Amino acid sequence: MSELGAEDAKIITLARSTRARAGAAEGAAVRDETGRTYAAGPVDLPSLKLTALQVAVAMAVSSGAQDLEAAAVVTEEETPDIAAVRDLGPKAPVLVAGPDGTLRTVLGS
């Protein structure tokens, strides 16, 4: 993997800290076209189940974001569902990191 830029490292750190704070299996963060960031954990209610990425994208949309520059997810999964990211940011790279914050792969761009 190539060297991460500061802004990409920041969203991985936000995703990782959200995961740890919530004691969740995953954490995510997205950066919108204005540079604002949104971090989230998954929602697991009887009537509503959302991945961390879905929640982070929903937070961005509800705050008026029109596009995403990048997204990050910290998870043990090899291939997380990135459909919500593609809905808002079709060209946004999705940084997939392990629980220790180590970048494993970048999906799309």
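Residues numbered from 1 in each chain as written. Predicted model: local features only at pLDDT ≥ 70, side-chain atom pairs only at ≥ 80, totals over all residues. Heavy atoms only, no water.

Draft legend 1. Representation of the overall build of the protein within the structure. Within the protein one finds three helices and seven strands. Along the protein, helices (α) and strands (β) appear in the sequence α-β-β-β-β-α-β-α-β-β when read from the amino end. Relative to the 2.2 N^0.38 estimate, which gives 13 Å for 109 residues, the radius of gyration of the protein is 12 Å and therefore close to what a compact globule would have. With 109 residues in all, the protein has 39% of them scored as buried. A total accessible area of about 5,700 Å² is found for the protein, and carbon and sulfur atoms account for 53% of it. Seen as two clouds, the 10 positive and the 15 negative side-chain charges of the protein have centres 3 Å apart. (Helix = DSSP H or I, 4+ residues; strand = E, 2+ residues; numbered from the N terminus. Rg over C-alpha atoms; globule rule 2.2 N^0.38 Å. Buried < 20%, exposed > 50% of the residue type's maximum accessible area, 1.4 Å probe, protein only. Areas by Shrake-Rupley, 256 points an atom, 1.4 Å probe, with all protein chains shown as cover. Lys, Arg positive; Asp, Glu negative; His and termini not counted. Charge placed at Lys NZ, Arg CZ, Asp CG, Glu CD.)

Draft legend 2. Structural view of the pattern of salt bridges. One pass over the full model with this rule turns up five salt bridges. One salt-bridge network, held together by shared partners, links Asp 8, Arg 31 and Glu 69. (Salt bridge = Lys/Arg side-chain N within 4 Å of Asp/Glu carboxyl O.)

Draft legend 3. Local environment of the nonpolar core. One finds Val 30, Leu 53, Val 57, Ala 60, Leu 68, Val 85 and Val 94 to be the most contacted residues of the largest nonpolar core, which totals 21 residues. Those elements that provide at least two residues to this core are β1 (27-32), β2 (37-40), α2 (52-62), β5 (68-74), α3 (83-88) and β6 (94-97). Broken down by element, this core gets its largest block of residues, six residues, from α2. Of all hydrophobic cores here, the second largest spans ten residues; its members include Ala 15, Ala 29, Ala 70 and Ala 72. (Core = buried A, V, L, I, M, F, W, Y, C linked by side-chain atoms within 4.5 Å.)

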